[in-house]
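A structural walkthrough
Listed below are the residues making up each chain.
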Amino acid sequence: MSGRVWVGTSNRGFAQQAQEELKRLLGPAVRFGWLAPGETFWFQSPLNREETIAAIQRQEPIFLRHLFPADAEKEWTGTSEEAIGAVCGLIEQERAALGLGSSIAVQIRKPEGESQLPAPSSLKAELDVLLEQEYGLRPVVRESDWILSVYMTRGRLYAGITRPEQNISDWSGGAVRFRKEEGQVSRAKFKLLEAELAFGLDFHSYRQALDIGAAPGGWTSLLLERGLAVTAVDPAKLDPSLLGHPRLTYLAKKADEVKFEPGKFDLLVCDMSWSHRQMAKLVLQLAEALQSGGTAIITVKLMHKKAFQSIREVEEDLSGAFTLQKAKQLFHNRDELTLFFLKS
Ligand SMILES: C[S@@+](CC[C@H](N)C(=O)[O-])C[C@H]1O[C@@H](n2cnc3c(N)ncnc32)[C@H](O)[C@@H]1O
């Protein structure tokens, strides 16, 4: 095999879409092989390292969640000693570029269920000590100068060093982890938290939100925490812990049964688990209630995995009132993705 090999990761079941994106960005000559079927794969880019990174950064993929270059790739029998040897070899090679005292985040992964391979957490602990004591680097978990990524399979090990912004996501494998809070209304809250990060938004800067399909209220609770007044629409019940909130208006109705004064809201969020075209129709009916320039965050169910077609259809259906800014399958999305629109 010649040319630069990379490790790419998507949400489970969406690697084919991630590979399609890579073909579009890097050219049809890109080649693939599975590391964890449906989720993690190697790919050989026809472009060099800088060109590959630039192509990905120019147009961020929707389904490719994370990537790193295999600066070191070796056959191995699966022992910690071999992994440490391979990583130290790579660090020696890059020592001058890394710079003494730089911070480095070690991110180690393996396919689920590979119990014979070293545990990523204990390998990371060993490497952190070595990187500090032998190489004068500063191991950290987040906001590092460098990321050392390692992917282990039975038989092959891949390792690469990058700047955090070169991996699409600076979380290990793009798996964004939030701490579950006591009394958290729903796990769906993580989707909106992740959307805030992924789309570079700060919900503190908004005032009035309309939450369509709000129950049980994870998204509503986040927006209330950010200081917004929230109108939550859902025929299903909101969590009782939210009901007395002074900035909450709860309308126990379907989205097509409510109407608001034009421009009342500066943020519209919609997380209805509905057919994407029906959802787009309902959002369009409520579009007038959103100020011009207002933000809309919308979850789109991916029916029958016709993912790109679903995005195109929602974009087209909403094009009379909204302009798509970014589409991203978030780590917390399952068979869905999240769209960020601005009201035209
Ligand atoms: C995935 S849940 C939303 C979870 C919510 N974002 C949270 O954070 O807790 C989808 C919700 O959409 C609601 N829904 C479905 N059809 C609706 C409609 N036509 N109008 C309003 N809500 C609807 C359902 O009742 C359900 O509560």
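Residues numbered from 1 in each chain as written. Predicted model: local features only at pLDDT ≥ 70, side-chain atom pairs only at ≥ 80, totals over all residues. Heavy atoms only, no water.

Overview of the overall build of the protein chain
Put simply, the rule is: Numbered from the N terminus, helices here are DSSP runs of H or I no shorter than four residues, and strands are runs of E no shorter than two. It is over C-alpha atoms that the radius of gyration is taken, and the globule rule equals 2.2 Å times the number of residues to the power 0.38. Exposure categories follow from relative accessible area, calculated using a 1.4 Å probe and restricted to protein chains: below 20% of the type maximum is buried, above 50% is exposed, and the middle band is partly exposed. The Shrake-Rupley method, run with a 1.4 Å probe sphere, supplies the accessible areas, and residue values consider only the shown protein chains as cover. His is not counted, nor are the chain ends; Lys and Arg add positive charge and Asp and Glu add negative charge. Charge positions come from single atoms, namely NZ of Lys, CZ of Arg, CG of Asp or CD of Glu.
Helix and strand counts for the protein chain stand at eight helices and 16 strands. Compactness check: the protein chain gives a C-alpha radius of gyration of 22 Å against a globular reference of 20 Å for 344 residues, within 12% of the reference. In terms of its C-alpha atoms, the protein chain occupies a principal-axis envelope of roughly 65 × 45 × 35 Å. When the 344 residues of the protein chain are sorted by exposure, 54% land in the buried category. Put simply, the protein chain shows about 15900 Å² of open surface, and 48% of that area lies on carbon and sulfur atoms. Looking at the protein chain, you have 42 positive and 44 negative side-chain charges, and the mean spots of the two groups are 4 Å apart.

As for empty space enclosed by the protein
Operational definition: For each structure, a 1 Å grid was placed over the protein atoms alone; sets of points admitting a 1.4 Å probe that cannot get out are labelled cavities, open sets with protein on both sides within 12 Å along at least five of seven lines are labelled pockets, and lining residues have an atom within 4 Å of a point. Grid points are joined across faces, edges and corners, and a volume is the space filled by probe spheres set on the points. Think of it as three bins: nonpolar holds Ala, Val, Leu, Ile, Met, Phe, Trp, Tyr, Cys and Pro, charged holds Asp, Glu, Lys and Arg, and polar takes everything else, Gly as well.
If you walk through the whole model with that rule in mind, you get one cavity of 30 Å³ or more. Space inside the largest cavity adds up to approximately 40 Å³. If you trace the largest cavity, you find it lined by Ala105, Gln107, Val141, Arg142, Glu143, Ser144, Ile147, Pro164 and Asp170. A class-by-class count of the residues in the lining of the largest cavity yields four nonpolar, two polar and three charged.

What to know about the site of the ligand
This is how the line gets drawn: If even one non-hydrogen atom of a residue comes within 4 Å of a molecule or strand, that residue is called near it. Polar contact is the term for a pair of N or O atoms within 3.5 Å; when the atoms are in protein, one must be able to donate a hydrogen and the other to accept it, and sequence-neighboring residues count only if both atoms are side-chain atoms.
Close to the ligand lie 19 residues; Gly218, Trp219, Asp234, Ala255 and Asp271 are nearest. Contact between the ligand and Ser186: an oxygen atom at 2.9 Å from a side-chain N or O atom of the residue. Within the side chain of Trp274, one N or O atom sits 3.0 Å away from a nitrogen atom of the ligand. Contact with the protein chains covers 83% of the free accessible surface of the ligand, which is 600 Å².

Concerning the environment of Arg4
Inspection of the secondary structure assignment puts Arg4 in strand β1 (residues 4-9). Looking at Arg4, its side chain comes within polar contact range of the side chain of Asp71, at 3.2 Å.

A closer look at the sheet that holds strand β12 (residues 248-251)
Threshold: When DSSP finds at least two bridges between two strands, those strands are taken to pair. All axes are obtained by fitting lines to C-alpha atoms, using only the stretch in contact for helices, and the reported angles, taken between N-to-C directions, cover 0 to 180 degrees. Contacts were defined at the residue level, with two residues in contact if any of their heavy atoms lie within 4.5 Å.
Strand order in the open sheet formed by seven strands is β12-β11-β10-β13-β14-β16-β15, with mixed pairing between adjacent strands. Two strands in the sheet have a free side with no partner beyond their single neighbour: β12 and β15 (322-328). For this sheet, the mean angle separating the axes of adjacent strands, direction not counted, is 15°. Docked against the sheet, helix α5 (residues 189-198) engages β13 (265-270), β14 (290-301), β15 and β16 (336-343), running at close to 125° with respect to β14.

A closer look at the nonpolar core
Defined as follows: Each nonpolar core is a collection of buried residues, namely Ala, Val, Leu, Ile, Met, Phe, Trp, Tyr and Cys, held together in the definition by side-chain atoms within 4.5 Å. Domain start and end points were adopted from an automatic or database domain assignment.
Phe63, Ile298 and Phe322 are the most contacted members of the largest nonpolar core, which has 49 residues in total. Mapping this core onto the domain boundaries places at least three of its residues in each of domain 1 (4-174) and domain 2 (189-343).

Here's the deal with the side chain of Lys189
By the secondary structure assignment, Lys189 is in helix α5. Relative accessible area serves as the criterion here: at 2%, Lys189 is assigned to the buried category. Other than its neighbours up to four places away in sequence, Lys189 contacts Glu181, Gln184, Gly218, Trp219, Ser221, Leu222 and Glu225.

That's the geometry; what it means functionally is another story.
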